[in-house]
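Listed below are the residues making up each chain.
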Amino acid sequence: MTATGIGQIILYAIVLVALGIPLGAYMARVYTGQATFAQRVLGPVERLFYRLFGIKPDQEQSWKQYAIAAMVFNLLGIVVVYLLQRMQAHLPENPNGLANVDPRVAFNTAVSFGTNTNWQAYGGESTMSHLVQSAALGVQNFVSAATGMAVLIPLIRGFTRRHADTVGSFWVDLTRPTLYILLPLSIVLAVFLVQQGVPQTTDGKETAALLDAQPGTPPADARPGTIVSPVDDQPRDATRGGVNGPASPDQGGRESPPVINQPIAVGPVASQVAIKQLGTNGGGYYNVKSAHPLENPTPLSNFVECLSILLISGALCFTFGRMIGSRKQGIALLVTMAILLVPFVALTLQQEQQPSPALSSLSVDAQASALQPGGNMEGKEARLGISASALWSTTTTAASNGSVNSMHDSYTPLGGMSPIFLMALGEVSFGGVGSGLYGLLIFAIVAVFIAGLMVGRTPEFLGKKIEAYEMKMASFAILVPVAAVLLGAAFACLVDETYTKALSNHGPHGFSEVLYAFVSQGNNNGSAFGGLTASGTFYATAGGICMWVARYWIILPTLAIAGSLAKKKIVPPSSGTLPTTGPLFVVLLVGVVLLVGALSFVPALALGPIVEHLVLHP
Amino acid sequence: MKETIRPALVSLAVFTVLCGFVYPLVMDGIAAVVFPHQATGSLIRDRDGHVVGSELIGQPFDNPAYFWSRLTAEANYDASNSTGTNLGPSGFVNDRGQLGPNQTLARSAKDRIDALRAADPTNTQPVPVDLVTSSASGLDPHISPAAAYYQVGRVARLRGQPADAVRKLVDDHLEGRTLGILGEPRVNVLLLNRALDDRFGPSKPNG
């Protein structure tokens, strides 16, 4: 760890809290229907929308009606995304003439964006037309984020209402955050990103003349996930840069013509990147997401994009505190999230600053200095170095964002284990917008229940009695994603051919690739160990099912808990009530999250990153 | 069900128009007016107006009279097909299934080191690590200052220029950390090589 690296991280934390407090207060006003500046401007638009929808904004729904509305809306969205991909060749706004998307990939992608996962079984710039990027994927970026937030709000109302049969109106809880939170923030962020160098245009592709024409090697078939190795077994001209191999002799004995041009894909990138960062979506415009210099051109753009990953999820803690009338409670949850995240940032930062063992016998200088970042630079960008990459890889997996600015597959074994474990914790350290906080609240219910068992009293949380029904639903929400992940990964390993064909690395690292794929999809994260070819039948289908199960089998029990809590009376705290704003509760909650995660995943991690670390450092 | 279907259909249509068309098109408009250069990819044009690169996208260099970029998984830095190598730290080291450090990584690094040594036998310093590893995007426009200074001797000799003049050019192209703390110091290889040609005349094709 370098001093500037630690400095970057401290600055990050300070700015995050400084922005989170006012944003959290603002979001509380949005959700409680108070007038905001944005509402004075866009209020007529909001009312017009409700007239078009045919709903009355003050007509509230029971938790079941609310859940049905959310499910139907999401299902429709998924169907539309699927159909648009399957028809893109016949639709406008396809300047690069891309073909219709393969049905398996289209299914996987539709579920992926509908569930706020944004797992990408395709390379964006080479697969999806501008129309699909904007009208299908871009729209889901907004509404899947708004859906996540719209599931949190009834849960909060469940704690504050008494003897209530309704939990709110899904249509209002979908519309207000989209209009007043996500759109304004995205517009500001997108303009900033364009200023930094992110393209925003209706054009499709530019062609640049290369300064140094390259000897002819035909461009590789870059199927998503395909590994184009820079190394080949051909003898090479040792006086040259070693970027390309010589023309291969099996092309009919003639050299292919020299490469003199460089195609550069551009498009409406900034508008997409802004919302995918803010809405914890993470699906990049380009295949390599925010590692691409056009998606994330400068250290400053990187800092702001990285802030956007945690911004709304963190700020929602403050929103929660305000809405339940106990700011201390919100801060306790934010502190819990931070305690879960920080050790993993430190582990990855420390590990990635080590040189790769593969280079240890070579004459390589990997020492950090004023002139270079050093460390494990495979799969990392020079402008970002080690610290900014390590911070991003851990925040993007702590939150269910899943965009990357470095290739996690090329991380050291333990450096790459942090992202896996952070996702495996159930995306509750910040997590997805809305979904992170409702996930953590479900763990909080389990924590007060365990505390109640220890002292032999009926557990309470925020004045509501926690009883068998809440515990059943909470167990569902916690265990279903775990089951989806572990069963999916185990099945992939059993289907031997599937297992090995899709991998670019073998041995324990290959297992890590499989585990990562299911942990990521089964917790709606969406980042990847990119070496796995995820577009085949098995991974596209199994992954799609995992994402579906993980999203909706948490949403349903969460709304059920919300409905049940709203019906209960509020009991005033007594001397036997566990205070849930102090260090005791924070420690208990951190312990429950870590224990559930460790009990579920340590055996699997032992087969992947841990054994790989031991192989490399005997 | 009916009271759910209509709002679901209409709201999806409304948000598709708003977030899928109005929002990106308004951003297109703002970008085109306020930041026209960045909006189209920060393209560099020569005197005739031909596009000769992007300030933000790396290009491949294997002529030893140019500074070399980072290794890449994407042949010829094709910026319509970004990809990393995704090579993990470990792998099989022999066909008996014995595990160890990833040999593909080691081999590509060794090839690069051999190429650097062959082009400049007098330089026996250890090679800065970013010069022997592949970037995340495969399109990295930058190398570290250490990697640039490492190549100064070779470039100066092949261009028949004093090393100090070339080193001065590298100094002029150093980009520091933003606000003194964010990111890493770096050198944009394409801009540096274009400046080389401007200052010392174009290099013979393929050295």
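Now for a look at the structure at hand. Since the structure is predicted, the reported quantities are computational estimates derived from the model, not experimental observations.

**Re the overall build of chain A**
So, point 1. Each helix and strand counted, chain A has 18 helices and 5 strands in total.
So, point 2. Computed over the C-alpha atoms, the radius of gyration of chain A is 24 Å, within 12% of the 25 Å expected from 2.2 N^0.38 for a compact globule of 618 residues.
So, point 3. Seen through its C-alpha atoms, chain A measures out along the principal axes to roughly 85 × 60 × 50 Å.
So, point 4. Within chain A, contacts between residues at least 6 apart in sequence are counted, and of these 80% link residues at least 24 apart.
So, point 5. Here chain A displays about 20,200 Å² of accessible surface, and carbon together with sulfur accounts for 67% of that area.
So, point 6. Charged side chains in chain A number 33 positive and 32 negative. The centres of these two groups are separated by 18 Å.

**Some points on the interface of chain B and chain A**
So, point 1. In this complex, chain B contributes 122 residues to the contact, which on the side of chain A involves 140 residues.
So, point 2. Our enumeration of links across chain B and chain A arrives at 0 salt bridges.
So, point 3. Scanning the region where chain B abuts chain A turns up 39 residue pairs in polar contact (both at pLDDT 80 or more).
So, point 4. Per element, the largest residue contribution to the side of chain B that touches chain A is 22 residues, and it comes from helix α1 (residues 2-34) of chain B.
So, point 5. Here 2 bridges tie strand β3 (residues 364-365) of chain A to strand β5 (residues 127-128) of chain B, and the two strands are oriented parallel to one another. Across the sheet, the residue bridging to A:Asp365 is B:Pro128, located in β5(B).

**Some words on the nonpolar core**
So, point 1. A:Phe170, A:Trp171, A:Ile312, A:Leu437, A:Phe461, A:Phe518 and A:Leu589 are the most contacted members of the largest nonpolar core, which has 195 residues in total.
So, point 2. For this core, the element with the highest residue contribution is helix α6 (residues 130-160) of chain A, accounting for 18 residues.
So, point 3. If you count residues domain by domain, this core takes at least three from each of domain 1 (2-36) and domain 2 (54-200) of chain B.
So, point 4. Those residues in contact with A:Leu589 that sit more than four places away from it in its chain are A:Leu333, A:Thr336, A:Leu440, A:Phe443, A:Ala444 and A:Ala447.
So, point 5. With 40 residues, the next largest nonpolar core counts B:Trp68, B:Ala109, B:Val155 and B:Val187 among its residues.

**Digging into a nonpolar patch on the surface**
So, point 1. Taken together, the side chains of B:Val17, B:Val22, B:Val26, B:Ile30, B:Val33 and B:Val34 define a hydrophobic patch exposed on the protein surface, amounting to about 480 Å² of accessible area.
So, point 2. Note that B:Val34 resides in helix α1.

**What to know about the environment of A:Ile78**
Residues and elements named next belong to chain A.
So, point 1. Within the secondary structure layout, isoleucine 78 lies in helix α3 (residues 63-86).
So, point 2. With 31 residues separating them in the primary sequence, isoleucine 78 and threonine 109 have C-alpha atoms 8.8 Å apart.
So, point 3. The residues touching isoleucine 78, leaving out its near neighbours within four places in the chain, are Ala110, Val111, Gly114, Trp548 and Tyr552.

**Considerations on the packing of helix α1 (residues 3-31) of chain A against helix α9 (residues 299-324) of chain A**
Residues and elements named next belong to chain A.
So, point 1. For the pair α1 and α9, interaxial distance at closest approach is 6 Å and the crossing angle is 45°. As summarised for this structure, α1 and α9 are arranged oblique, according to the angle between their axes. The element α1 and its partner α9 pack so that their crossing is right-handed.
So, point 2. Counted by class, the contact of α1 with α9 contains 21 nonpolar, 4 polar and 1 charged residues.

**Quick look at helix α12 (residues 413-424) of chain A**
All names here are of chain A.
So, point 1. The end-to-end C-alpha separation of α12 is 16 Å, in line with the 16 Å expected for 12 residues at 1.5 Å each.
So, point 2. Across the 12 residues that make up α12, a large majority, 12, are buried.
So, point 3. By the burial criterion, the buried members of α12 are Pro413, Leu414, Gly415, Gly416, Met417, Ser418, Pro419, Ile420, Phe421, Leu422, Met423 and Ala424.
So, point 4. Buried residues belonging to α12 abut α10 (327-352), α11 (385-398), α16 (508-522) and α18 (583-616).
So, point 5. After α12 finishes, the residue glycine 426 shows a positive phi value of roughly 95°.

**Quick notes on the packing of aromatic side chains**
So, point 1. This structure, assessed with the given rule, holds 22 aromatic pairs over all chains.
So, point 2. Centre to centre, the rings of A:Tyr12 and A:Phe303 are 6.2 Å apart; their planes meet at 85°, and the pair counts as edge-to-face. Remark: A:Phe303 occurs in helix α9 and A:Tyr12 occurs in helix α1; sequence separation between them is 291 residues. Here the two residues A:Tyr12 and A:Phe303 agree in accessibility, since each one is buried.
So, point 3. Here the aromatic rings of A:Phe461 and A:Phe585 are separated by 6.0 Å at their centres, their planes lie at 25°, and the arrangement is stacked. Placement of the pair is A:Phe461 in strand β4 (residues 460-461) and A:Phe585 in helix α18, with a sequence separation of 124 residues. This pair shows no difference in class: A:Phe461 is buried, exactly as A:Phe585 is.
So, point 4. The rings of A:Phe49, A:Tyr50, A:Phe53 and B:Phe15 are connected pair by pair, giving a single aromatic cluster.
So, point 5. Directly above the ring of A:Tyr411 sits A:Lys380, whose terminal nitrogen or CZ lies 4.1 Å from the centroid.
So, point 6. In this structure, B:Arg154 is placed above the aromatic ring of B:Trp68, and the distance from its NZ or CZ to the ring centre is 4.3 Å.

Reading the values: rules and limits
- Residues numbered from 1 in each chain as written.
- Chains lettered and ligands numbered in written order.
- Predicted model: local features only at pLDDT ≥ 70, side-chain atom pairs only at ≥ 80, totals over all residues.
- Heavy atoms only, no water.
- Helix = DSSP H or I, 4+ residues; strand = E, 2+ residues; numbered from the N terminus.
- Rg over C-alpha atoms; globule rule 2.2 N^0.38 Å.
- Contact = heavy atoms within 4.5 Å.
- Areas by Shrake-Rupley, 256 points an atom, 1.4 Å probe, with all protein chains shown as cover.
- Lys, Arg positive; Asp, Glu negative; His and termini not counted.
- Charge placed at Lys NZ, Arg CZ, Asp CG, Glu CD.
- Salt bridge = Lys/Arg side-chain N within 4 Å of Asp/Glu carboxyl O.
- Polar contact = N/O pair within 3.5 Å; in protein donor to acceptor, adjacent residues only side chain to side chain.
- Pairing = 2+ DSSP bridges.
- Core = buried A, V, L, I, M, F, W, Y, C linked by side-chain atoms within 4.5 Å.
- Buried < 20%, exposed > 50% of the residue type's maximum accessible area, 1.4 Å probe, protein only.
- Domains from an automatic or database assignment.
- Patch = residues over 30% accessible without salt bridge, like charges linked within 9 Å, V, L, I, M, F, W, Y side chains within 5 Å.
- Axes fitted to C-alpha atoms, helices over the stretch in contact; angles between N-to-C directions.
- Parallel < 35°, antiparallel > 145°, perpendicular 65-115°, else oblique.
- Left-handed = near helix turned anticlockwise from the far one by under 90°.
- Nonpolar A, V, L, I, M, F, W, Y, C, P; charged D, E, K, R; others polar.
- Expected span 1.5 Å × (residues − 1).
- Phe/Tyr/Trp six-rings, centres within 6.5 Å; stacked < 30°, edge-to-face > 60°.
- Lys NZ or Arg CZ within 6 Å of the ring centre and 35° of its normal.

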